[in-house]
Amino acid sequence: MTQQTLFDAVGGEPFFRSLVHEFYERVWADAVLRPMYPQDDRAGAEDRLALFLMQYWGGPGTYSAQRGHPRLRMRHHPFPIDLDARERWIAAMHGALDALAPAPLHRAELEDYFDRAATAMINHNPLLRQR
Ligand code: HEM
């Protein structure tokens, strides 16, 4: 029995390019998230996230060929990601998923992953800063 990857099941590269584009439309409209991102390199940011997601879900390994091991926690260290930022990131991704409307089972799989990965990226607790 051959297993189809989620990458293929949702339509391959065009799906992930569109998802990430819709996602960044929302990130750029968010007052908390937008300042964290490279203001003059939105296209580059879109490219990095799209390539990463394509690789993660079983598509081509271009992300690691260009960027090396993902080490996502480490790469997010420069950005103060608290619970609020995490919720905003997830809201932007859910909006993008609404726009693309993948099949419910695929959406559930994608959402579950984003949910866990975004929680793992939290690296800042504003309550601890006030000492
Ligand atoms: C929890 C909230 C998150 C915030 C606020 C956040 C913010 C950022 C920022 C500001 C960048 C730099 C943009 C760039 O130049 O590429 C970035 C990069 C990136 N993020 Fe996130 N991120 C979050 C969660 C996630 C999650 C859940 C994933 C994976 C599913 C992810 C995957 C990536 C990737 C692949 C890059 C590019 C890394 C590289 O190769 O340099 N991020 N993120």
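Above this text sits the structure in question.
The following refers to the structure shown. Just so you know, these numbers come straight off a predicted model, no measurement behind them.

**Here we look at the packing of helix 2 (residues 13-27) against helix 6 (residues 83-100)**
The relative placement of two packed helices is expressed as an angle between their axes plus a distance between the axes.
And then number 1: Taken N-terminus to C-terminus, the directions of helix 2 and helix 6 make an angle of 130°; their axes are 8 Å apart at the nearest point. By the criterion of interaxial angle, the relationship of helix 2 to helix 6 is oblique. For the crossing formed where helix 2 meets helix 6, the hand is right-handed. The residues of helix 6 that touch helix 2, namely those facing Phe-15, Ser-18, Leu-19, Glu-22, Phe-23, Arg-26 and Val-27, are Trp-89, Ala-92, Met-93, Gly-95, Ala-96, Leu-97, Ala-99 and Leu-100.

**Quick notes on helix 2**
And then number 1: For helix 2, which comprises 15 residues, the first-to-last C-alpha distance of 21 Å matches the rise-based estimate of 21 Å (1.5 Å per residue) to within 8%.
And then number 2: Of all the positions in helix 2, only Phe-15, Phe-16, Leu-19, Val-20, Phe-23, Tyr-24 and Val-27 are classed as buried. Seen from one end, helix 2 has its buried residues packed into an arc of 155°, which puts them on one side.
And then number 3: Buried residues along helix 2 sit in contact with helix 1 (6-9), helix 3 (42-56), helix 6 and helix 7 (104-120).

Cut-offs used in this document
Residues numbered from 1 in each chain as written. Predicted model: local features only at pLDDT ≥ 70, side-chain atom pairs only at ≥ 80, totals over all residues. Heavy atoms only, no water. Axes fitted to C-alpha atoms, helices over the stretch in contact; angles between N-to-C directions. Helix = DSSP H or I, 4+ residues; strand = E, 2+ residues; numbered from the N terminus. Parallel < 35°, antiparallel > 145°, perpendicular 65-115°, else oblique. Left-handed = near helix turned anticlockwise from the far one by under 90°. Contact = heavy atoms within 4.5 Å. Expected span 1.5 Å × (residues − 1). Buried < 20%, exposed > 50% of the residue type's maximum accessible area, 1.4 Å probe, protein only. Arc of directions from axis to C-beta.

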